[in-house]
Amino acid sequence: MIELDKIDARILRELKLDGRISNAELANRVGLSASACLRRVQELERSNTIKGYRAVLNQTQLGIGCVAYVTVGLSSHTKDAQLEFESAITLSEEVKECHNITGPFEYLLRVETTDLVSYKKFHTDVLGTSAHVASITTHVVMGSPKDDRA
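Quick caveat: nothing in here was measured; it's all calculated off a predicted structure. (Residues numbered from 1 in each chain as written. Predicted model: local features only at pLDDT ≥ 70, side-chain atom pairs only at ≥ 80, totals over all residues. Heavy atoms only, no water.)

Enquirer: Tell me about the overall build of the protein, and please be specific about residues and values.
Expert: Counting its regular elements, the protein contains five helices and four strands. Listing every helix and strand of the protein by position from the N terminus yields α-α-α-β-α-β-β-α-β. C-alpha extents for the protein along the principal axes are approximately 55 × 35 × 25 Å. Evaluated residue by residue, the protein yields a buried proportion of 27% over its 150 residues. Contacts in the protein between residues at least 24 apart in sequence constitute 64% of all its contacts with a sequence separation of at least 6. Accessible area of the protein: about 10200 Å², with a carbon and sulfur share of 54%. In the protein, which carries 18 positive and 20 negative side-chain charges, the distance between the mean positions of the two groups comes to 6 Å. (Helix = DSSP H or I, 4+ residues; strand = E, 2+ residues; numbered from the N terminus. Buried < 20%, exposed > 50% of the residue type's maximum accessible area, 1.4 Å probe, protein only. Contact = heavy atoms within 4.5 Å. Areas by Shrake-Rupley, 256 points an atom, 1.4 Å probe, with all protein chains shown as cover. Lys, Arg positive; Asp, Glu negative; His and termini not counted. Charge placed at Lys NZ, Arg CZ, Asp CG, Glu CD.)

Enquirer: Describe the sheet that holds strand β2 (residues 95–100), listing the residues and the values that go with them.
Expert: Spatially, four strands are ordered β2-β3-β1-β4 in an open sheet, and the strand pairing comes out antiparallel. Each having just a single partner strand, β2 and β4 (133–140) make up the two edges of the open sheet. With direction set aside, neighbouring strand axes in the sheet form an average angle of 20 degrees. Pairing of strand β1 (residues 66–74) with β4 involves seven bridges; the strand directions are antiparallel. What sits directly across from threonine 71, in β4, is threonine 137. Sheet strands in contact with helix α4 (residues 79–90) are β1, β2, β3 (107–113) and β4, and its direction is about 15 degrees off that of β3. (Pairing = 2+ DSSP bridges. Axes fitted to C-alpha atoms, helices over the stretch in contact; angles between N-to-C directions.)

Enquirer: Before we move on, can you summarise the packing of helix α1 (residues 6–17) against helix α2 (residues 23–30) with the specific residues and values?
Expert: Axis separation between α1 and α2 bottoms out at 10 Å; the angle between their running directions is 130 degrees. With respect to α2, the axis of α1 lies oblique. Crossing angle aside, the handedness with which α1 passes α2 is right-handed. On α2, the residues touching Arg10, Ile11, Glu14 and Leu15 of α1 are Leu26, Arg29 and Val30. Across the contact of α1 with α2, the residue classes break down as four nonpolar, no polar and three charged. (Parallel < 35°, antiparallel > 145°, perpendicular 65-115°, else oblique. Left-handed = near helix turned anticlockwise from the far one by under 90°. Nonpolar A, V, L, I, M, F, W, Y, C, P; charged D, E, K, R; others polar.)

Enquirer: Can you explain the pattern of salt bridges? Please cite residues and give values.
Expert: The final tally for this structure, using the stated rule, is nine salt bridges. A salt bridge links aspartate 5 to arginine 40, with the nearest nitrogen and oxygen atoms 2.9 Å apart. Separated by 35 residues along the polypeptide, aspartate 5 in the segment before α1 and arginine 40 in helix α3 (residues 34–46) bring together distant segments of the chain. For arginine 40, a relative accessible area of 24% translates into the label partly exposed. Among the salt bridges present, the one from arginine 110 reaches glutamate 112, with a minimum N-O distance of 2.2 Å. According to the relative accessible area criterion, arginine 110 is buried, its value standing at 7%. The buried category is assigned to glutamate 112, whose relative accessible area is 8%. Here the salt bridges share partners, and the residues they tie into one network are Asp5, Asp8 and Arg40. (Salt bridge = Lys/Arg side-chain N within 4 Å of Asp/Glu carboxyl O.)

Enquirer: So what about α2? Which residues, and what values?
Expert: For an α-helix, 3.6 residues make a turn, and residues three or four places apart therefore share a direction. Buried within α2 we find Leu26, Ala27 and Val30. All buried residues of α2 lie within an arc of 100 degrees about the axis, which places them on one face of the element. Exposed side of α2, more than 90 degrees from the buried face: Ala24 and Asn28 are the residues found there. The inward-facing, buried residues of α2 contact α1 and α3. Glycine 31 sits one or two positions beyond α2 and adopts a positive phi of about 80 degrees. (Arc of directions from axis to C-beta.)

These results come straight from atomic positions and should not be treated as a statement about function.
Encoded structure:
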């Protein structure tokens, strides 16, 4: 784990808000010269504190009308069962996140589809055909008043 000073923390906060900010504007906002700011950003990238930059997409414009969080329980709790499930899930384009979690279920998935009909197809054809899936619970997102990923 890297130790961050106050300036590095401010750089990260600004980049999280706007990853396309110019180095000159970023330097101005955090109170550094442009060259000092660039060196710090490059060091944060080298240390893998900044893993990358991404575009936040408008899901509606892309035809994503159904977002669901899905808990999955496995029938077998072996390492092989988990690896088989994870391997199958990573091939699914609908699954945007897959987390191995504690509690009564092994996995929490974030699934995006065009609509509920296409979600049902995913549920049946992907989750329903996985050899180790014992339980599936779907929570359909009706709204997102806060989403820090955006």
